[in-house]
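Architecture at a glance
These are the residues of each chain, in order.
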Amino acid sequence: MNTRRLRKTATAYVLLLPGLGVILGFVGVVLYFAFAQSFGQYTFAGEDAWNLDSWRQLAGNDRFREAFFYSLRIATLSAVISVALAYPLALWLRDPFPGSTFAGAVLKIPYLVPGLVAAFLYVNFISFNGFINQVLERLNIIDSPIRMQNDDRGIGVLILQAWKQIPLALLLLVGAVRGVGNDIYDAARDGGAGPGSRFVHITLPMTLQTLQAAMIIIFIGAAGDFSFQTVAGPRGTDSLAQFMFSTKNLADDRNFAAVVGLMLMALALFGSLALAGATRLAVNRGRYSR
Amino acid sequence: MSEELALRADGVSMVFDNGFQALDDVSVEAAPGEFVTLLGPSGCGKTTLLRLVGGFLEPTQGRIWLGSLDVTPVPPEKRDTAMVFQSYALFPHMTVDDNIDFGLRRKKLAKADRRDRVEEVVGYVSLESQRRKRPEALSGGQQQRVALARALATRAGVILFDEPLSNLDAKLREQVRFELRRLQREHGFTALYVTHDQAEALAMSDTVYVMNGGRVIQSGPPEDIYDRPRNRFVAGFLGVANVIQGTVSSRDGNGYRVDTGLGELLVSSNGDEEPPGEVELSWRPEDTEFVDADYVGDNVFDLKVTESVFLGNLIDVVGIVPGLTNEPIRAQLMRHTAVDVGSVLRTRIPPERLRILEPEE
Amino acid sequence: MRTSRALNRFLVTMLCVVSIVWILLPLALAILWSLVDPSEPWSYPDLFPKKLSFGRWTKLWETTTLPAAIVNSYYLAPVTGLVCLALATPTAYAFGRLDFPGKSVAQVLSLLPIVLPSFVIAIFFSAVLLRLNIFDRFLSILIGHTVLFMPYAIRVLTVSFSNIPQDLIDAARDMNAGVFRRYRTIYLPIMMPGYAAAFVIIAVLSIEEFALAFVLGAPDFTTIPTILYSYLGQNFVRPNAAVVSLILVLPNVVVLLFLERLLRSVQVGAGTKG
């Protein structure tokens, strides 16, 4: 009996090897390289020596600090804006109505557009002699084109992130909102809860897990963004991925690039978890305060 | 005009967007403290009517009154009704207390009042020890009682029940049936109760509305409906009924003589209206009498037993009347009488127990 | 009831207007820009380009590495897809049909490549390759893509495996079918839709993938996204970018044709919670 179970377990683990095993091996080696490089190994140019030199560089590095907080800000705002816009759409699409399938399909189109294409579409739209400037000029709202590309606050990046991530958030949230039974909403109405109250007391707490999952996915994606940032982001500020890339390729400092990469992963991991935790707190506070 | 009524649905019709007509000119009323049941098979429109009263739907035609208020366009959140759902619809992320408190908070009651009320209704349904648990940690019966307590706590004028016992097992269902009736008597709330279970309807109601095909077929106190079904549908839906065809042959004092497959039957009149020539007669199996083999009189025939089923408290008998009809006739006997298949029982139907049915629409 | 229908009609109309500005207009502009004739630039006062032609397309095709990039991308994608399916099948079988200690942890771990920032993976993977003296660009990107997209294959195939009725398998065993015969006769036919969905998802993702292709491939191994990237940003060559964008978005248009079925599988892949 016991040996049989052992054999079954062993079989399962062997079956995991080509799939999960490859993933873990790859990720393990890559992460090991990142750690080792950050502590002075695999310099590929000079001498390898275990040391904390590259980590010490973090302390006074203004460009790193700027990139770190910039990525944190963009990631947080992207996650919040995307779910904030996706929620009303998800509630609207919860029950089928004439045209709802069409509406759902249209809203999901950006999900199928590759990130770089999205970036091009956006830049093409807002560029110096792009569509918006042309329209505004023809309508005599402005005299000369406005410079909107690579704006200093990263609004372009945020619009792009929202464009690309709202469909994902919508996909997840529609499923979650549909999971809350009609009876539950009816019972809430019956108890005297209006639309706002139902959202705060029923929808938000009951879809909290999906909400958190959506925010985590969007946060991680936006925190590690390179292409949106280089195409549409501010010229003066780097995202962490961009900073890591230029540290490695332009400054040719692989060890410090490793430190930045690890900090980026830490930001993605802890930042998204912190955001998920904060969301939970906010949702519960909303429930009990009213 | 409707001030003495707690609830009145007046000429209500409901046609859904897809064109399905769920209700066709239905009127229902309930006096304060009355227990009114809507009884019918699935698809008869009873749940639609309940949802109209609750405000979840707006009727295509007709008005709905709560007390002296016309609430037809009022949404459920502003209506003085409380619903007990078939699925219970408890909020899974809230404790028992918070579930019950939910409606009270929306009413913006003072905290102390809310606490008192929750405590009170938790007592009614004996859930004192479960108050901090979430619904998933409770048994089906307990969840059902939380749903009831949540509705009671709002002190709504009318409490709506949507087949609340259908998810409980048979024994528990019977127990909750009594408990619900007791609570209703003690606290005097008006109840509108939807069910497809005739036993439930008969046991609990002051008034039963039997519905079919979007219409009310018959309404009245349970005994009335059971004893004097209006047509074949009501007779068959509430319990078991024998129905046979016949032709009215003559008037006899207070009743009629009707030619049937069982010979000529004497029927006491059930109204002033002259019955048409072709009629259907019905009677309940338990109204069948068994008489001595040499008994002679009206409404007597010999029943040859083809099936006999021991039910515990009763014996169910199915038989035919050889030479007259091959339609099975059902009868019931008290136990301790041995009935063998193939034996012949001399059978009598009292004229006052026979009923002339109206034709179905 | 009636008011909410009117409201919905209004909202659908609003959505149409918004999506035209938000989605369709940018796509239409891209098409228009790709058709601007190289000899007659489209500049400010003109509402429409003076002259439309496929000149840009042919010029790009003849003078740049675009054909090579297309070949690279469309060669890489199906190979990645097949390798992923082959490697993911045993793991998906274990997830879908077996119970073993640590299964839920293993399932969460299998999502790692999705949650790690791909740019970071790309940078350090390039260091690993350097250390191992692997300089074959194609192989490097193939390995990277395989790992990166394996989670999707595992998710989709796990669902496929778990949807097979146990009765069927028992019946096959009853008739003494061995492991491979069982796989061929029972699993494979039933799982064909799952395999197809996973393959298409991975192929599309591989064609679109930028970070690894850029870090590992540039400058001598180009894919469609890396070409597009070179036309964006600082040296923004608008008509060229428009052409490449349209080429890049093409497989997705194909996917759109059987959108419903695919989105359901994507949902399985993307939703980490039940």
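Look up: the structure comes first, before these words.
Residues numbered from 1 in each chain as written. Chains lettered and ligands numbered in written order. Predicted model: local features only at pLDDT ≥ 70, side-chain atom pairs only at ≥ 80, totals over all residues. Heavy atoms only, no water.

Side note on the overall build of chain B
In terms of helices and strands, chain B carries eight helices and 20 strands. For chain B, restricting intrachain contacts to residue pairs at least 6 apart in sequence, the fraction spanning at least 24 positions comes to 64%. For chain B, the computed accessible surface area is about 16700 Å², with 46% contributed by carbon and sulfur atoms. Side-chain charges in chain B split into 41 positive and 56 negative, and the spacing between the mean points of these groups amounts to 10 Å. (Helix = DSSP H or I, 4+ residues; strand = E, 2+ residues; numbered from the N terminus. Contact = heavy atoms within 4.5 Å. Areas by Shrake-Rupley, 256 points an atom, 1.4 Å probe, with all protein chains shown as cover. Lys, Arg positive; Asp, Glu negative; His and termini not counted. Charge placed at Lys NZ, Arg CZ, Asp CG, Glu CD.)

Side note on the overall build of chain C
Counting secondary structure elements, chain C contains 13 helices and zero strands. Buried residues in chain C amount to 51% of all 274 residues. A separation threshold of at least 6 residues defines the contact pool for chain C, and within that pool the share at least 24 residues apart is 69%. In the form shown here, chain C has an accessible surface area of approximately 13100 Å², with 67% of it arising from carbon and sulfur atoms. (Buried < 20%, exposed > 50% of the residue type's maximum accessible area, 1.4 Å probe, protein only.)

Observations regarding a nonpolar patch on the surface
Side chains of Ile155(A), Ile159(A), Leu7(C), Phe10(C), Met14(C), Val18(C) and Trp22(C) sit close together on the surface and give an oily, nonpolar patch of about 620 Å² of accessible area. The leading source of residues in the nonpolar patch is helix H1 (residues 2-34) of chain C, at five residues. Structurally, Phe10(C) is set in helix H1. (Patch = residues over 30% accessible without salt bridge, like charges linked within 9 Å, V, L, I, M, F, W, Y side chains within 5 Å. Salt bridge = Lys/Arg side-chain N within 4 Å of Asp/Glu carboxyl O.)

Notes on the interface of chain B and chain A
Counting residues at the interface gives 22 residues for chain B, matched by 21 residues for chain A. Each partner contributes to the roughly 1800 Å² buried at the junction of chain B and chain A, and carbon and sulfur atoms together form 54% of this total. Among the residues chain B hides against chain A, the three largest losses belong to Glu77(B), His93(B) and Arg106(B). Together they make up 34% of the total. The interface formed by chain B and chain A includes three salt bridges. The salt bridge partner of Glu77(B) is Arg189(A), with a shortest N-O separation of 2.9 Å. Linking chain B to chain A there are seven residue pairs in polar contact (both at pLDDT 80 or more). Within the residue set of the side of chain B that touches chain A, elements represented by two or more residues are strand E6 (81-84) and helix H2 (96-106) of chain B. With five residues, the single largest contributor to the side of chain B that touches chain A is H2(B). (Buried area = accessible area lost by both parts, 1.4 Å probe. Polar contact = N/O pair within 3.5 Å; in protein donor to acceptor, adjacent residues only side chain to side chain.)

Some words on the environment of Leu152(B)
All names here are of chain B. Mapped onto the secondary structure, Leu-152 falls in helix H4 (residues 140-153). Sequence separation between Leu-152 and Ile-100 is 52 residues; the distance between their C-alpha atoms is 8.8 Å. In this structure Leu-152 touches Val-121, Tyr-124, Ile-159, Leu-183 and Phe-189, once residues within four positions along its chain are discounted.

Brief notes about unusual backbone geometry
All names here are of chain B. One non-glycine residue, Asp-25, lies in the positive phi region at around 50°. With respect to the element layout, Asp-25 can be found in strand E2 (residues 21-30). On the basis of relative accessibility, which here comes to 52%, the residue Asp-25 falls in the exposed class.

Quick word on the packing of aromatic side chains
A ring pair, where both rings are aromatic, is described by two values, the distance of the centres and the angle of the planes. All names here are of chain B. In the structure shown here, the tally under the stated rule is 34 aromatic pairs over all chains. Ring geometry for Phe-91 and Phe-102: centres 4.7 Å apart, planes at 50°, overall tilted. In this pair, Phe-91 is assigned in the loop between E6 and H2 and Phe-102 in helix H2, connecting sequence segments eleven residues apart. A single burial state applies to Phe-91 and to Phe-102, both of which are buried. (Phe/Tyr/Trp six-rings, centres within 6.5 Å; stacked < 30°, edge-to-face > 60°.)

Here we look at helix H4 (residues 100-108) of chain A
Those residues of H4(A) lying buried are Ser100(A), Ala103(A), Gly104(A), Val106(A) and Leu107(A). Take H4(A) and look down its axis: the buried residues cluster within an arc of 165°, on one side only. (Arc of directions from axis to C-beta.)

Quick word on the pairing of strand E8 (residues 190-195) of chain B
Residue and element names in this part refer to chain B. Where burial is concerned, most of E8 is hidden: six out of the six residues are buried. Side chains Thr-190, Leu-192 and Val-194 project from E8 onto one buried face, and the interleaved Ala-191, Tyr-193 and Thr-195 project onto a second face that is buried too. Taken together, the five bridges between strand E7 (residues 158-162) and E8 define a ladder with parallel strand orientation. Note that in E8 the partner of Phe-161 across the bridge is Tyr-193. Remark: the E7/helix H5 (residues 170-187)/E8 crossover connection has right-handed handedness. (Pairing = 2+ DSSP bridges. Right-handed = clockwise from strand over helix to strand, strands pointing away.)

Notes on the interface of chain C and chain A
Each partner contributes to the interface: chain C provides 81 residues, whereas chain A provides 75 residues. When the two sides are added together, the surface that chain C and chain A hide from each other amounts to roughly 7100 Å², 80% of it contributed by carbon and sulfur. The tally of links from chain C across to chain A stands at zero salt bridges. Run the count over chain C and chain A and you get nine residue pairs in polar contact (both at pLDDT 80 or more).

Here we look at the packing of helix H3 (residues 66-97) of chain C against helix H9 (residues 179-208) of chain C
All names here are of chain C. Between H3 and H9, the least distance of the axes is 8 Å, while the angle of their chain directions is 135°. As the angle between them shows, H3 and H9 are arranged oblique. In this structure, H3 meets H9 at a crossing whose hand is right-handed. Of the residues that constitute the contact of H3 with H9, the class distribution is 16 nonpolar, five polar and one charged. (Axes fitted to C-alpha atoms, helices over the stretch in contact; angles between N-to-C directions. Parallel < 35°, antiparallel > 145°, perpendicular 65-115°, else oblique. Left-handed = near helix turned anticlockwise from the far one by under 90°. Nonpolar A, V, L, I, M, F, W, Y, C, P; charged D, E, K, R; others polar.)

Describing the sheet that holds strand E1 (residues 7-15) of chain B
All names here are of chain B. Strands sit in the order E2-E1-E4-E5 across an open sheet of four strands; the sheet is antiparallel. The open sheet has two edge strands with one neighbour each: E2 and strand E5 (69-70). Two strands pair when backbone bridges link them, and strand E4 (residues 61-66) and E5 are joined in this way by two bridges, in the antiparallel orientation. Following the sheet pairing, Leu-66 is matched in E5 by Leu-69. Sheet strands touched by helix H1 (residues 46-54): E1, E2 and E4. Its angle to E2, the strand with the most contacts, is close to 60°.

Here's the deal with helix H11 (residues 224-231) of chain C
In terms of burial, H11(C) is largely enclosed, as seven of its eight residues are buried. Residues of H11(C) that are buried include every one of Ile224(C), Pro225(C), Thr226(C), Ile227(C), Leu228(C), Tyr229(C) and Tyr231(C), and no others.

Describing the environment of Leu82(C)
Along the polypeptide, Leu82(C) turns up in helix H3. Separated by 120 residues in the primary sequence, Leu82(C) and Ile202(C) place their C-alpha atoms 9.2 Å from one another.

Some thoughts on a positive patch on the surface
Judged by side-chain charge, Arg4(A), Arg7(A), Lys8(A) and Arg173(C) come together as a positively charged surface patch. Of the residues forming the positive patch, the biggest block, three residues, is contributed by helix H1 (residues 2-38) of chain A. Assignment of secondary structure puts Lys8(A) in helix H1. Taking relative accessible area as the criterion, Lys8(A) reaches 52% and is therefore assigned exposed.

Observations concerning the sheet that holds strand E13 (residues 263-268) of chain B
All names here are of chain B. Spatial ordering of the open sheet is given by E13-E12-E11-E14-E20, a layout of five strands whose pairing is antiparallel. Edge strands, defined here as strands with exactly one partner in the open sheet, are E13 and strand E20 (355-357). Put simply, the sheet's adjacent strands are angled 50° from each other on average, direction ignored. Two elements, strand E14 (residues 278-283) and E20, share three bridges in a ladder whose sense is antiparallel. Considered in E20, the bridge of Ser-282 is made with Arg-355.

Focus on the pattern of salt bridges
Oppositely charged side chains can pair when the atoms bearing their charge come close. All told, the structure shown has 29 salt bridges over all chains when counted by the stated rule. Note that Arg105(B) is salt-bridged to Asp101(B), the shortest N-O span being 3.3 Å. A residue pair is termed a helical-turn pair when its members lie 3 or 4 positions apart in one helix, as Arg105(B) and Asp101(B) do in helix H2 at four residues. Notably, a salt bridge pairs Lys103(C) with Asp99(C), separated by 3.8 Å at the nearest N-O pair.

Points about the nonpolar core
Counting 204 residues, the largest nonpolar core has Ile202(A), Val28(B), Leu192(B) and Phe119(C) as its most contacted members. The residues touching Val28(B), leaving out its near neighbours within four places in the chain, are Leu7(B), Arg8(B), Ala9(B), Val36(B), Leu38(B), Leu49(B), Leu192(B), Tyr209(B) and Val216(B). Among the nonpolar cores identified, the runner-up in size contains 33 residues, and Leu138(B), Val146(B), Leu152(B) and Leu168(B) belong to it. (Core = buried A, V, L, I, M, F, W, Y, C linked by side-chain atoms within 4.5 Å.)

Observations concerning the side chain of Lys164(A)
Within the fold, Lys164(A) resides in helix H7 (residues 155-179). Buried charged residue Lys164(A) carries no salt bridge. Nearest counter-charge: Glu208(C), at 5.6 Å. Of note is the side chain of Lys164(A), whose polar atom sits 3.4 Å from the backbone oxygen of Tyr111(A). At 3.0 Å, the side chain of Lys164(A) forms a polar contact with the backbone oxygen of Val113(A). Ignoring any residue separated from it by four or fewer positions in sequence, one finds Lys164(A) in contact with Pro110(A), Tyr111(A), Val113(A), Pro114(A), Gly115(A) and Phe228(A).

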